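Read off the chains here:
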Amino acid sequence: MFLLTRSICPISFMTTKDFEDWSIPRQWVYIAVAAYFLRTKYYLVWKLAQASITLAGLAYDGNDENGNPKWDRINTAQTRVELTENMPDRVSLWNMSVQHYFKQHVYLRIAPYEKAKGRPGLQQLATFLTFTQSAIWHGVHPAYYIFFIQISLYVETSRFFYRNRDIFHFFTHKIFFPFRFFAVHLLFAYPSIQFCLLSTNHVMQYWKATRYSVLSFEIAVITFGIILSRLRKSKAKVERAKVE
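Read on for an overview of the structure. On a predicted model such as this, the values are computed, not experimentally measured, just so you know.

Observations regarding unusual backbone geometry
With a phi angle near 50°, asparagine 95 is a residue other than glycine that sits in the positive phi range. Its place among the elements puts asparagine 95 in the loop between helix H4 (87–92) and helix H5 (96–110). By relative accessible area, which is 17% here, asparagine 95 ends up buried. Within the chain, tyrosine 212 stands out as a residue other than glycine whose phi angle is a positive 55°. Mapped onto the elements, tyrosine 212 comes out in the loop between helix H10 (200–209) and helix H11 (213–243). Tyrosine 212 sits in the partly exposed class, given a relative accessible area of 38%.

Re the packing of helix H8 (residues 142–163) against helix H9 (residues 177–197)
Taken N-terminus to C-terminus, the directions of H8 and H9 make an angle of 165°; their axes are 8 Å apart at the nearest point. Classified by the interaxial angle, the pair formed by H8 and H9 is roughly antiparallel. Handedness of the H8/H9 crossing: left-handed. On H9, the residues touching Ala143, Tyr144, Ile146, Phe147, Phe148, Gln150, Ile151 and Tyr154 of H8 are Leu187, Phe188, Tyr190, Pro191, Ser192, Gln194 and Phe195. Among the residues forming the contact of H8 with H9, the class breakdown is twelve nonpolar, three polar and no charged.

What to know about the packing of aromatic side chains
Under the definition given, this model contains 22 aromatic pairs. Between the aromatic rings of phenylalanine 13 and phenylalanine 19, the centroid separation amounts to 5.6 Å while the plane-to-plane angle is 75°, which identifies the pairing as edge-to-face. Taking relative accessible area as the criterion, phenylalanine 19 reaches 0% and is therefore assigned buried. Measuring from centroid to centroid gives 4.7 Å for tyrosine 144 and phenylalanine 195, while their planes differ by 40°, and the two rings are tilted. Taken together, the residues tyrosine 144 in helix H8 and phenylalanine 195 in helix H9 connect sequence positions 51 residues apart.

The rules behind these values
- Residues numbered from 1 in each chain as written.
- Predicted model: local features only at pLDDT ≥ 70, side-chain atom pairs only at ≥ 80, totals over all residues.
- Heavy atoms only, no water.
- Helix = DSSP H or I, 4+ residues; strand = E, 2+ residues; numbered from the N terminus.
- Buried < 20%, exposed > 50% of the residue type's maximum accessible area, 1.4 Å probe, protein only.
- Axes fitted to C-alpha atoms, helices over the stretch in contact; angles between N-to-C directions.
- Parallel < 35°, antiparallel > 145°, perpendicular 65-115°, else oblique.
- Left-handed = near helix turned anticlockwise from the far one by under 90°.
- Contact = heavy atoms within 4.5 Å.
- Nonpolar A, V, L, I, M, F, W, Y, C, P; charged D, E, K, R; others polar.
- Phe/Tyr/Trp six-rings, centres within 6.5 Å; stacked < 30°, edge-to-face > 60°.

Right, here's the structure in full:
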């Protein structure tokens, strides 16, 4: 699919003046579609890798309750990554074996479960350092670091909204599903284009062409999360002081 569609939605077009002249909604749709086509080439490679692992017997994970063999010990990617409306799930379902490696050998060494419980600051530090390590593992192109820093902020922002779900419970209603789905899809797609552009100059041209629209939305959501978190902490301190 990627080979058939790369001429229809080339990512290089997103750094041009013609793309800058498009309306913002049209740009967002183009970004979402182009990023999907880009991901298909990774799915092909991972499926081939999964087939090789299974044929070699490395994916064997015993038998299920019916006595049938299970071949899911090592997973590369789940196609349901395209259907999730949750940013942490989308990240964890992408390149799953590598995600598992970084979780076990980087994240949990910084923030073990028993140590990180009730300490969101430590969890945020572990998330940031884990994604930084992933950027180093990918290479030296600046776009890699921009991409993984953005994704780490996405994950922590999603966790913040989850921790404060008592305020945003209305947003979980199924009527908001299309908005949640497209927002997560777009927020994942936007930095994915940067990941493939590689050079800082191209990334800056891309931001300028999109009028910094998605980037501004990202900053607004993260800033809102920080402000709300501080307000809730201040309110909790005041309530504790009244009790004492």
